[in-house]
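Each chain, written out:
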Amino acid sequence: MSALILCGKTVSKNVKNNLKSEIAILKAKGIVPSLAVVLVGDNPASHVYVRNKQKAAEELGIYSVTMQYDASMSQDVLNRLIDELNADEHFHGILVQLPLPKHLNENEVIQRISPDKDVDGFHPVSVGKLVLGQDTFVSCTPAGVMEILKFYNIDPSGKNVVIIGRSNIVGKPMLNLLYQKATYANATVTICHTRTKDIAAHTKQADIVIVAAGRPHTLTADMVKEGVVVIDVGINRIEDPTTEKGYSLVGDADYEGLLSKVSAITPVPGGVGPMTIAMLMKNTVISAGRILSK
Ligand code: NAD
């Protein structure tokens, strides 16, 4: 079977192109979609992510400011900053880059961001609305997976979907999107995690497997049926002396091993990865657009 490669670069470009016209309409009405990104500490991966977000915003004409703070920033100062950003009408979205240094309480920070500006979709109000099937900001990576499915006309309706991983930012919102009574949803969803006894017993029944475990080779060819669709959310650095950087990026699925068995699969890199930032941009534009309906 020759597998369809689900190209996140193409889908993210499509999302961004659609946003351009929406941004132009907003700008014509005097609204410039604006995003505040708060970065605390010197986690190298966080710096890369934030740079990429800034670049994507600039390319689209979204006003984005990255506010960088020392790792020693106190909870009080961070809380006050978020209060100020909540009150600042210029910003339609607030994103605090995670993980935060250990002494800072991530839950407290997430809950302090106004749900109206919660473009990451992590606030309990956003999560609650998602569970209830109400319009809300959806966590960007799962939202990106949904865009890939739609773009390639892979309708989960009536299908068995297995998600591996139950994190708040990927696994849980993914679950909550897929079982909804909605277009490109209506799936029967199973969620597997570290305490699942026999993951393969579940994945073998799946029409679509979404793997977000943070571990290479979590999903292998012997665990799936012929013709399955595999969405690989994982991004793992593995040592690779043949590359200039000394490492390669791989997903959570055994891509090479799965290729001859799947009907479609996302590569890593170039699959789900590019979608996350595109969906952050989309959420920021949606947030800016809500001003018109107020
Ligand atoms: P996490 O560590 O918060 O959660 C991982 C989940 O997988 C946990 O619920 C855990 O129970 C489960 N798990 C771990 N090992 C397992 C195993 N062997 N079998 C079954 N379940 C297992 O990670 P996360 O934030 O959800 O991210 C998951 C992966 O997705 C990581 O590789 C991360 O880098 C990647 N990620 C990518 C993007 C993107 O933009 N593409 C965004 C977020 C996360």
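Before reading on, note that the structure itself is shown above.
Quick notes on the rules
- Residues take numbers from 1 onward in each chain, read along the sequence in its written order.
- Only residues with pLDDT of 70 or above have their local features reported here, since the model is predicted, and side-chain atom pairs are shown and tallied only from 80 upward, although totals for entire chains, interfaces and linings are computed over all residues.
- By convention in this description, side-chain values take in all heavy atoms of the structure and omit both hydrogens and water.
- The nearness test applies per residue and asks whether one of its heavy atoms lies within 4 Å of the molecule or strand.
- Polar contacts, as used here, are pairs of N or O atoms within 3.5 Å; protein pairs need one atom able to donate a hydrogen and one able to accept it. Residues neighboring in sequence count only if both atoms are side-chain atoms.
- To be clear on the numbers: accessible area is Shrake-Rupley with a 1.4 Å probe, and residue cover counts the displayed protein chains and nothing else.
- Any residue outside Ala, Val, Leu, Ile, Met, Phe, Trp, Tyr, Cys, Pro, Asp, Glu, Lys and Arg is labelled polar, Gly included; the first ten of those are nonpolar and the last four are charged.
- Helix and strand definitions follow DSSP, with helices as H or I runs of at least four residues and strands as E runs of at least two, each counted in order from the N terminus.
- What goes into a patch is any residue over 30% in relative accessible area without a salt bridge, connected to like charges within 9 Å or, for nonpolar side chains (Val, Leu, Ile, Met, Phe, Trp, Tyr), within 5 Å.
- Any Lys or Arg side-chain nitrogen located within 4 Å of an Asp or Glu carboxyl oxygen qualifies as a salt bridge.
- Partly exposed describes any residue whose relative accessible area lies between the buried limit of under 20% and the exposed limit of over 50%, with all areas from a 1.4 Å probe on protein chains only and scaled to the type maximum.
- Ring pairs are drawn from Phe, Tyr and Trp, using the six-membered ring of Trp, whenever the two centres fall within 6.5 Å, and their geometry is named by plane angle: stacked under 30 degrees, edge-to-face over 60, tilted for the rest.
- Criterion for a charge above a ring: Lys NZ or Arg CZ within 6 Å of the ring centre, and within 35 degrees of the ring normal.
- Only buried Ala, Val, Leu, Ile, Met, Phe, Trp, Tyr and Cys residues count toward a nonpolar core, and they belong to the same one when joined by side-chain atoms within 4.5 Å.
- Only heavy atoms enter the contact rule, under which two residues are in contact if any of them lie within 4.5 Å.
- Think of each axis as a best-fit line through the C-alpha atoms, taken over the contacting stretch in the case of a helix, with angles from 0 to 180 degrees between the N-to-C directions.
- For classification, angles of less than 35 degrees are called roughly parallel, those exceeding 145 degrees roughly antiparallel, those between 65 and 115 degrees roughly perpendicular, and all remaining angles oblique.
- Criterion used throughout: strands pair if DSSP finds at least two bridges between them.

Caption draft 1: The arrangement of the site of the ligand in detail. Thr 141, Arg 166, Ser 167, Ile 235 and Thr 276 are the nearest of the 21 residues found near the ligand. The side chain of Ser 167 places a nitrogen or oxygen atom 2.5 Å from an oxygen atom of the ligand. Within the backbone of Ile 235, one N or O atom sits 3.0 Å away from an oxygen atom of the ligand. Surface burial for the ligand is 73%, taken as the share of its 850 Å² of free accessible area covered by protein chains. For the shell around the ligand, the residue count by class is nine nonpolar, 10 polar and two charged.

Caption draft 2: Spotlight on unusual backbone geometry. Omega for the bond connecting Leu 98 with Pro 99 falls within 30 degrees of zero, at 0°, which places this linkage in the cis form. The omega torsion across Val 268 and Pro 269 is 0°, close enough to zero to call that bond cis. With respect to the helices and strands, the residue Pro 269 is situated in the loop between β11 (264–265) and α10 (273–289). Phi is positive for Asn 153, close to 55°, though the residue is something other than glycine. Within the fold, Asn 153 resides in the loop between α6 (140–151) and β5 (160–164).

Caption draft 3: A look at a nonpolar patch on the surface. A contiguous nonpolar patch, built from Val 127, Val 131 and Tyr 179 and spanning about 220 Å² of accessible area, is present on the exposed surface. Structurally, the position occupied by Val 127 is in helix α5 (residues 124–132). Overall, the relative accessible area of 35% leaves Val 127 in the partly exposed class.

Caption draft 4: Looking closely at the packing of aromatic side chains. If you walk through the whole model with that rule in mind, you get two aromatic pairs. An angle of 15° between the planes, with centres 6.4 Å apart, marks the rings of Tyr 63 and Phe 91 as stacked. Note that Tyr 63 is positioned in strand β3 (residues 63–69) and Phe 91 in the loop between α3 (75–87) and β4 (93–96), a separation of 28 residues in sequence. Among the residues examined, Phe 91 registers a relative accessible area of 7% and is labelled buried. Judged by centre distance (5.0 Å) and plane angle (70°), the ring pair of Phe 151 and Tyr 152 falls under edge-to-face. Note on Phe 151: relative accessible area 37%, which makes it partly exposed. Here the guanidinium or amino end of Arg 237 rests over the ring plane of Tyr 247, the centre of that ring lying 4.0 Å away. A cation over an aromatic ring shows up here: Arg 290 above the ring of Phe 137, its NZ or CZ 4.4 Å from the ring centre.

Caption draft 5: Structural view of the nonpolar core. Counting 51 residues, the largest nonpolar core has Leu 178, Ile 210, Ile 231 and Met 281 as its most contacted members. Among the elements that take part in this core, α10 stands out by supplying eight residues, more than any other. Discounting chain neighbours no more than four positions away, the residues touching Leu 178 are Met 146, Leu 149, Pro 156, Val 161, Ile 163, Ala 185, Asn 186, Ala 187, Val 189 and Ile 210.

Caption draft 6: Focus on the packing of α6 against helix α7 (residues 171–178). Between α6 and α7, whose axes approach to 9 Å, the crossing angle comes to 45°. Compared by their axis directions, α6 and α7 come out oblique. Counted together, Pro 142, Ala 143, Val 145, Met 146 and Leu 149 of α6 and Pro 173, Met 174, Leu 177 and Leu 178 of α7 form the full contact between these two elements. Grouping the amino acids of the contact of α6 with α7 by side-chain chemistry returns nine nonpolar, no polar and no charged.

Caption draft 7: Structural detail: the sheet that holds strand β1 (residues 4–5). Here six strands make up an open sheet; going across it, the order is β1-β11-β8-β7-β5-β6 and the pairing parallel. The open sheet has two edge strands with one neighbour each: β1 and β6 (188–192). Inspection of the sheet shows strand β7 (residues 208–211) paired to strand β8 (residues 229–232) by four bridges, in the parallel sense. Following the sheet pairing, Ile 210 is matched in β8 by Ile 231.

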